[in-house]
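Examining the three-dimensional arrangement
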Amino acid sequence: MNTAYGLAAIGLICLVTLAIGAFGLKLSRTTSDFYVAGRTVTPYRNASAIGGEYLSAASFLGIAGLVYTNGLDMLWFPVGYTVGYVVLLVLVAAPLRRSGAYTLPDFAEARLESTTIRRLCSVLVVGIGWLYLLPQLQGAGLALTSVTGAPSWVGGLVVAVVVVANVAAGGMRSITLVQAVQYWIKLTAIAAPAFVLLAVWFHDGAPGPASARDSGWVEPLGGLAGQGHPVYATYSLLLALALGTMGLPHVLVRFYTNPDGRAARRTTLTVVALLGAFYLFPPLYGVLGRVYLPELPVGVAADTLVLQLPGAMLPDHLGEVLSAVLAGGAFAAFLSTASGLTMSVAGVIDQDLLRRRLGRVTGGDFTVVQGFRIATVLGVVVPYAASRLIEPVGLATMVSLAFAVAASTFCPLLVLGSWWRGLSTVGAAAGLVVGGGLAASAVAATVLAGPIPGWPGALLGQPAAWSIPLAFATAVVVSLATPGRIPLHTARTMVRLHTPEDLVLDRD
Amino acid sequence: MTSTRRDATTRHGARPLTREIDEQSNLGEVYMSGLMSAQLRLAAMVLAFGAVGLGGLPLLFLLVPATRSLEIGRVPLPWLILAVVVYPVALVVARYYVRQSERIEAEFSAVVARREP
């Protein structure tokens, strides 16, 4: 791969990101602007921003690598990532927007009228956000190493620095614009090379994958990433992705920038279209990789297949240019997802964990924006340090674990909170603790203990199928046992969550 | 007097439904639970469709092994479904949901507003 081209593409993406951020900075004048873009973002731009933020390293590089290595079963990843937005649309899109909540802890506090739940949610948001930031930073390291041969800590550091500069300086307005542009950069960067590579493939007589007779690769139920019990693993993964999307910390923030519940639904609909368009492409790279690169060179991670493929198919100038385009797109993916996550993690650290302490230390002698900037740095430094300490377990595996934790905690909270008047404060807290505890233990076992054989490995590697039902059951049973702890204003809150905004009603 | 006295008309007519809802009277609660259960039924229907359509696939592949290697043209059926067909179907389902839920809300608004002064 041509190092100069790759570096130029990555540098260009970083510069464009910073430039748009700076442009947005001029627009964001008041504190309210700084946080929520003044709520003037149109559904179409908002949907692009959600797409830009959501398509992460796991989508841009991870899916192709997984399909290349493990075949058909890996297509459940992009399917699940997309279906997650359909589930979100159907169950919580409008109520979330109408709740007026900006973060998940805001929603929890507004609905359950308890600061204990709020704090619990804050801890979970930070935990899930860091879990999700980890593979972004690791992916950046992989990509930069693949392009330039630089040590793997450099890529993560570049992403961390650009993200901090952007988030701390511009806030939400610039981030919304940056994210919207990033979606189109990413789609172009993955689609254009794919068309060229497809043309080359047709020109070569459309040869089938060398492993077409390897039924474990080409047929379903071959086992997810080498784990046993493929049927269980498939269902559990699908559940985690479908129900986890609504609980990702950087998703809800985007709903606040919709003007009303109706716009929130339409935004989500557009997101489904944008994601579907993008996910047509990554599997193509995995399949073409099987045709042209039956063996990866030693020491090359499957996660960098997307970057290797053009060079293998077009051993000339064009291949190098395409590789550079893809490297740029991959960096756009790291930057946008990491920015969105950092934005929401920093928001929560700032509001719920830092502000009061900072006020006490400085005697109130700091501005709100300064506090947010400190929180931003904190939000990135911790996962960066962790990404240096923890052995990579694969981008998509790591991301699916973050989904499993989100699905076991925030999914019950949001779904029961939006639709069930009987949810009590104690029930909600118990559900969060049980779901979060179980899923987090499974994640810790999977990441720290290495491969575990047999059923225990399958159950711990894909915890969603048992941890989500247990979390729901705990919340419901404990709520039924503590009817006295149902929040006082539940009926009023339900009016706010479900009535269309054109009716003049008392919503406070 | 330069404008109509809106409170004068309400005094004679029925109480506005928005007030029933605001005061959480029995009537207001009936309308609220009607709205919520209509929306929830719609959501359940869409989710059930997805659970059967998508969730049925692994089961189909498990129980009817012939479907695992079935080919349409040169493309194996499971690849065609999971890599391409799923996405337009998801979009159509989502679009159906958005339209239906907006219709439910429009009807709710119309009913409630009909008894506005």
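Residues numbered from 1 in each chain as written. Chains lettered and ligands numbered in written order. Predicted model: local features only at pLDDT ≥ 70, side-chain atom pairs only at ≥ 80, totals over all residues. Heavy atoms only, no water.

Within chain A one finds 22 helices and 0 strands. Along the first, second and third principal axes, the C-alpha atoms of chain A reach 70 × 55 × 45 Å. Relative to its full complement of 508 residues, chain A shows a buried share of 62%. Sequence separation of 24 or more characterises 85% of the internal contacts of chain A that already satisfy a separation of 6 or more. With the model as given, the accessible surface of chain A reaches about 17000 Å², and the carbon-plus-sulfur share is 68%. Within chain A, the 22 negative side-chain charges are centred at a point lying 11 Å from the centre of the 28 positive side-chain charges. (Helix = DSSP H or I, 4+ residues; strand = E, 2+ residues; numbered from the N terminus. Buried < 20%, exposed > 50% of the residue type's maximum accessible area, 1.4 Å probe, protein only. Contact = heavy atoms within 4.5 Å. Areas by Shrake-Rupley, 256 points an atom, 1.4 Å probe, with all protein chains shown as cover. Lys, Arg positive; Asp, Glu negative; His and termini not counted. Charge placed at Lys NZ, Arg CZ, Asp CG, Glu CD.)

All names here are of chain A. On the surface, R119, R356, R357 and R360 cluster together into a positively charged patch. Among the elements that make up the positive patch, the one with the highest residue count is helix α16 (residues 317–362) (3 residues). Following the sequence through the fold, R356 ends up in helix α16. Owing to a relative accessible area of 60%, R356 belongs among the exposed residues under this scheme. (Patch = residues over 30% accessible without salt bridge, like charges linked within 9 Å, V, L, I, M, F, W, Y side chains within 5 Å. Salt bridge = Lys/Arg side-chain N within 4 Å of Asp/Glu carboxyl O.)

It is worth spelling out the confidence of the model for chain B at this point. Residues and elements named next belong to chain B. On average, residues of chain B score 85 in pLDDT, and 85% of them are at 70 or above. Taken element by element, chain B is modelled with least confidence in helix α1 (residues 6–12), mean pLDDT 45, and with most confidence in helix α5 (residues 77–114), mean pLDDT 93. Predicted confidence is poor over residues 6–12, with pLDDT under 50, and the contacts of this stretch with residues over four places away or in other chains come to 3 contacts. (pLDDT = per-residue confidence, 0-100.)

The next subject is the confidence of the model for chain A. Mean pLDDT over chain A works out to 85, with 91% of the residues at or above the 70 mark. In this model, residues 30–34 of chain A is a region of pLDDT below 50 whose contacts with residues beyond four sequence positions or in other chains number 19 contacts.

All names here are of chain A. Ranked by internal contacts, the top residues of the largest apolar core, which has 190 residues, are F60, Y81 and F331. Among the elements that make up this core, the one with the highest residue count is helix α18 (residues 395–419) (18 residues). Excluding residues that lie within four positions of it along the chain, Y81 makes contacts with Y54, A58, S59, I63, L241, T245, L275, Y279, A396, V399 and F403. (Core = buried A, V, L, I, M, F, W, Y, C linked by side-chain atoms within 4.5 Å.)

Looking now at the pattern of salt bridges. Summed over all chains, the structure comprises 11 salt bridges over all chains. A salt bridge links E501(A) to R98(A); the nearest nitrogen and oxygen atoms lie 3.2 Å apart. Of the two residues, E501(A) sits in the segment after α22 (490–498) while R98(A) sits in helix α6 (residues 93–99), which places them 403 residues apart along the sequence. Residue classification places E501(A) among the partly exposed residues on the basis of a relative accessible area of 34%. Under the relative-accessibility criterion, R98(A) is labelled buried at 7%. In this structure, the salt-bridge partner of E102(B) is R266(A), at a minimum N-O distance of 2.8 Å. Pair noted here: E102(B) is in helix α5 and R266(A) is in helix α13 (residues 261–279), and the two residues belong to different chains. Overlapping salt bridges, with partners in common, bring together R98(A), R265(A), E501(A) and E105(B) in one network.

Glancing now at the environment of D106(A). All names here are of chain A. Tracing the backbone shows D106 in helix α7 (residues 104–112). Residue classification places D106 among the buried residues on the basis of a relative accessible area of 18%. C-alpha of D106 to C-alpha of A491: the two residues are 385 residues apart in sequence and 18 Å apart in space. The contacts of D106, once residues within four sequence positions are left out, are A101, R118 and Q351.

On to the interface of chain B and chain A, then. Each side of the interface is counted separately: chain B has 44 residues, and chain A has 51 residues. Between chain B and chain A, a total of about 4300 Å² is buried, with carbon and sulfur atoms accounting for 73% of that surface. Three residues stand out in chain B for area buried against chain A, namely M36(B), W79(B) and Y87(B), and they jointly supply 18% of the buried area on that side. Applying the counting rule to chain B against chain A returns 5 salt bridges. Ionic pairing is found between R98(A) and E105(B), a salt bridge with its closest N-O pair at 2.8 Å. The tally of links from chain B across to chain A stands at 12 residue pairs in polar contact (both at pLDDT 80 or more). Of all the elements in the fold, those that place two or more residues in the side of chain B that touches chain A are α2 (17–22), α3 (26–63), α4 (66–69) and α5 of chain B. Residue contributions to the side of chain B that touches chain A peak at 19 residues, all from α5(B). Class assignment of the residues belonging to the side of chain B that touches chain A gives a composition of 29 nonpolar, 8 polar and 7 charged. (Buried area = accessible area lost by both parts, 1.4 Å probe. Polar contact = N/O pair within 3.5 Å; in protein donor to acceptor, adjacent residues only side chain to side chain. Nonpolar A, V, L, I, M, F, W, Y, C, P; charged D, E, K, R; others polar.)

At E113(A), a position not held by glycine, the phi torsion is positive, near 55 degrees. Relative to the elements of secondary structure, E113(A) occurs in the loop between α7 and α8 (115–148). One non-glycine residue with positive phi stands out, namely Q24(B), at about 55 degrees. With respect to the helices and strands, the residue Q24(B) is situated in the loop between α2 and α3. Classification of Q24(B) by relative accessible area gives partly exposed; the value is 33%.

The next point concerns the packing of helix α4 (residues 57–70) of chain A against helix α5 (residues 76–91) of chain A. Residue and element names in this part refer to chain A. Two elements in contact, α4 and α5, have axes separated by 9 Å at closest approach and are oriented at 145 degrees. Counted together, A58, S59, I63 and L66 of α4 and F77, P78 and Y81 of α5 form the full contact between these two elements. Here the contact of α4 with α5 is built from residues that sort into 6 nonpolar, 1 polar and no charged. (Axes fitted to C-alpha atoms, helices over the stretch in contact; angles between N-to-C directions.)

So, on to a nonpolar patch on the surface. Nonpolar side chains collect at one region of the surface, where L280(A), F49(B), V84(B), V85(B) and V89(B) lie side by side and expose about 390 Å² of accessible area between them. Take V85(B): it is sitting in helix α5. On the basis of relative accessibility, which here comes to 38%, the residue V85(B) falls in the partly exposed class.

Helix length check: helix α11 (residues 230–244) of chain A, at 15 residues, gives a terminal C-alpha distance of 20 Å against a target of 21 Å (1.5 Å per residue), a fit within 8%. Within α11(A), 11 of the 15 residues are buried, leaving the element largely enclosed by the surrounding structure. Along α11(A), the residues classified as buried are Y232(A), A233(A), T234(A), S236(A), L237(A), L238(A), A240(A), L241(A), A242(A), L243(A) and G244(A). On its buried side, α11(A) packs onto α5, α18, α20 (454–461) and α21 (464–481) of chain A together with α3 of chain B. (Expected span 1.5 Å × (residues − 1).)

Residues and elements named next belong to chain A. In the structure shown here, the tally under the stated rule is 16 aromatic pairs over all chains. Here the aromatic rings of Y54 and Y81 are separated by 6.3 Å at their centres, their planes lie at 85 degrees, and the arrangement is edge-to-face. Placement of the pair is Y54 in helix α3 (residues 43–54) and Y81 in helix α5, with a sequence separation of 27 residues. Comparing Y54 with Y81, the two get one shared label, buried. (Phe/Tyr/Trp six-rings, centres within 6.5 Å; stacked < 30°, edge-to-face > 60°.)

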